Structures are given as C-alpha cells and as structure tokens.
Amino acid sequence: MSDVSTPASFFRCPISGERAIGVLKVGRRRIPVTLVDASIEGYTLRVAKKYARKLRKDRKWILIAQHERTLVWPQWRFTAENGAATIAVCRLQDITPQEGVRRTWQLTGSIPKDSGSSLSGMALGGMLLLMIAIVCLPGIGDDLGTAPRIGSFLSDALRGFGISVRQFLNS
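A word on the overall build of the chain
When you go through the chain residue by residue, the secondary structure sums to four helices and seven strands. Its helices and strands taken in sequence order, the chain reads β-β-β-β-α-β-β-β-α-α-α from the N to the C terminus. Taking all 171 residues of the chain together, the buried fraction comes to 23%. Taking the contacts inside the chain whose residues are at least 6 apart along the sequence as the reference set, 49% of them involve residues at least 24 apart. A total accessible area of about 12,900 Å² is found for the chain, and carbon and sulfur atoms account for 59% of it.

Details of the pairing of strand E4 (residues 42-47)
Counted residue by residue, E4 has five buried out of six residues, so it is predominantly covered. One ladder, built from five bridges, connects strand E3 (residues 29-38) with E4; its direction is antiparallel. What sits directly across from Leu35, in E4, is Leu45. Here E3 hands over to E4 after three residues, the two strands then running antiparallel side by side.

Remarks on unusual backbone geometry
Even without being a glycine, Gln66 presents a positive backbone phi close to 50 degrees. If you trace the backbone, Gln66 turns up in the loop between strand E5 (61-65) and strand E6 (68-79). The exposure class assigned to Gln66 is partly exposed, which follows from its relative accessible area of 37%. The phi dihedral of His67 falls on the positive side, at around 65 degrees, and the residue is not glycine. One can find His67 in the loop between E5 and E6. Note on His67: relative accessible area 77%, which makes it exposed.

Digging into the side chain of Thr70
Tracing the backbone shows Thr70 in strand E6. A relative accessible area of 9% means that Thr70 is categorised as buried. Sequence-distant contacts of Thr70, that is, excluding residues within four places in its chain, are made with Trp61, Ile62, Leu63, Arg91, Gln93, Asp94 and Ile95.

Side note on a nonpolar patch on the surface
Taken together, the side chains of Leu130, Ile134, Leu137, Ile140 and Leu144 present a nonpolar region at the surface, about 450 Å² in accessible area. Only helix H2 (119-136) and helix H3 (138-144) provide two or more residues apiece to the nonpolar patch. As for its placement among the helices and strands, Leu137 is situated in the loop between H2 and H3. With relative accessibility at 43%, the residue Leu137 sits in the partly exposed group.

Brief notes about the pattern of salt bridges
Applying the stated criterion across every chain, the model contains two salt bridges. Here Asp156 makes a salt bridge to Arg159, at a shortest N to O gap of 2.9 Å. Note that Asp156 and Arg159 are positioned in helix H4 (residues 147-170) at a spacing of three residues, about one turn of the helix. For Asp156, a relative accessible area of 46% translates into the label partly exposed.

Quick notes on a positive patch on the surface
Taken together, the side chains of Arg29, Lys49, Lys50, Arg53 and Lys54 make up a positively charged region of the molecular surface. Take Arg53: it is sitting in the loop between helix H1 (49-52) and E5. Residue classification places Arg53 among the exposed residues on the basis of a relative accessible area of 69%.

Thresholds applied
Residues numbered from 1 in each chain as written. Predicted model: local features only at pLDDT ≥ 70, side-chain atom pairs only at ≥ 80, totals over all residues. Heavy atoms only, no water. Helix = DSSP H or I, 4+ residues; strand = E, 2+ residues; numbered from the N terminus. Buried < 20%, exposed > 50% of the residue type's maximum accessible area, 1.4 Å probe, protein only. Contact = heavy atoms within 4.5 Å. Areas by Shrake-Rupley, 256 points an atom, 1.4 Å probe, with all protein chains shown as cover. Pairing = 2+ DSSP bridges. Patch = residues over 30% accessible without salt bridge, like charges linked within 9 Å, V, L, I, M, F, W, Y side chains within 5 Å. Salt bridge = Lys/Arg side-chain N within 4 Å of Asp/Glu carboxyl O. Lys, Arg positive; Asp, Glu negative; His and termini not counted. Charge placed at Lys NZ, Arg CZ, Asp CG, Glu CD.

Shape descriptors only; they carry no functional weight alone.
The following block contains the structure:
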C-alpha cells in the first residue's frame, strides 16, 4: 500500500449511522472499522490506532457490513498523527451468502427449488387421493351410489391394461 494525497477522480458517497459500522476480516482476525464513504470501485475505511498495526497488506480481506460480505484488496493507506489509519480498499467480489427458499418439511429427499413442484400442489394431490379413497369405501360408496361406477371403471381399466401388456409381450 502506498500513501497518496490526490483526491479520487470519481464520485464518493458518504456513509453514516449504522451503515458505517463494519468488520474487516484479515486472516483469522476481526478488526472493527468505520466505513467513511463508498464509490463504484470500493470503500474508504477508518481503523482505530490499536488495530491499524495489525493490518497485513499482502492478502485479500473480507469486509462485513450490514449483512453484506465483500472480498476487498487494499489500495492505499494514510496514517494520521493520532495513529488512526484511513484505508482505501477495492471491491473484488461480492461473497454474501444467498438465501434460498426455506422449507419447513419435505416429503422426499431433496427437491430442486426451480423444479416447478410446490408444496401446495402436493397437498392438493394428497387431498384428491383421500377423497377418492373415501368415496371408494364399501359403506360410503354404496350409500352414495358411487361404488358400482368406480368398480366398473377399475375393472375396465385393469382389463385394458392387461390387454396392452399382452400385446406388448407378444410383439
């Protein structure tokens, strides 16, 4: 890191309040920092005197601020008379973990999130099967008059399935 005294040639947006509080991970150490401003290329950080000595410039750092993680690289450093350091870092990569769709329970092992299947669709299918099973029960089906119709449908479907299997095996 080299010391520079020329101002940046692009717009820098000041950061204040809770958004200005951050942590810089340097190796295994977590160093509290204050974000001074941000630009399209990176951030300007202020580090207290007792932590300024612990900064190693030969590796990439991780800046954690407001639930965001950014891989950064130190560009320049200015140490004030009181020992506090002002550091400019360049953004390399956003490494914020992405949150997916959370599921409370799953019927099968793992269902891809973009497969088009949904929990409500599975629930609707289960309810439909339950209603058909109730209508097919001997006592309820006889009272409703659906048992003979469902019985004839199942016998016709099984007969047609058997004919198809025989034709497949004979060919």
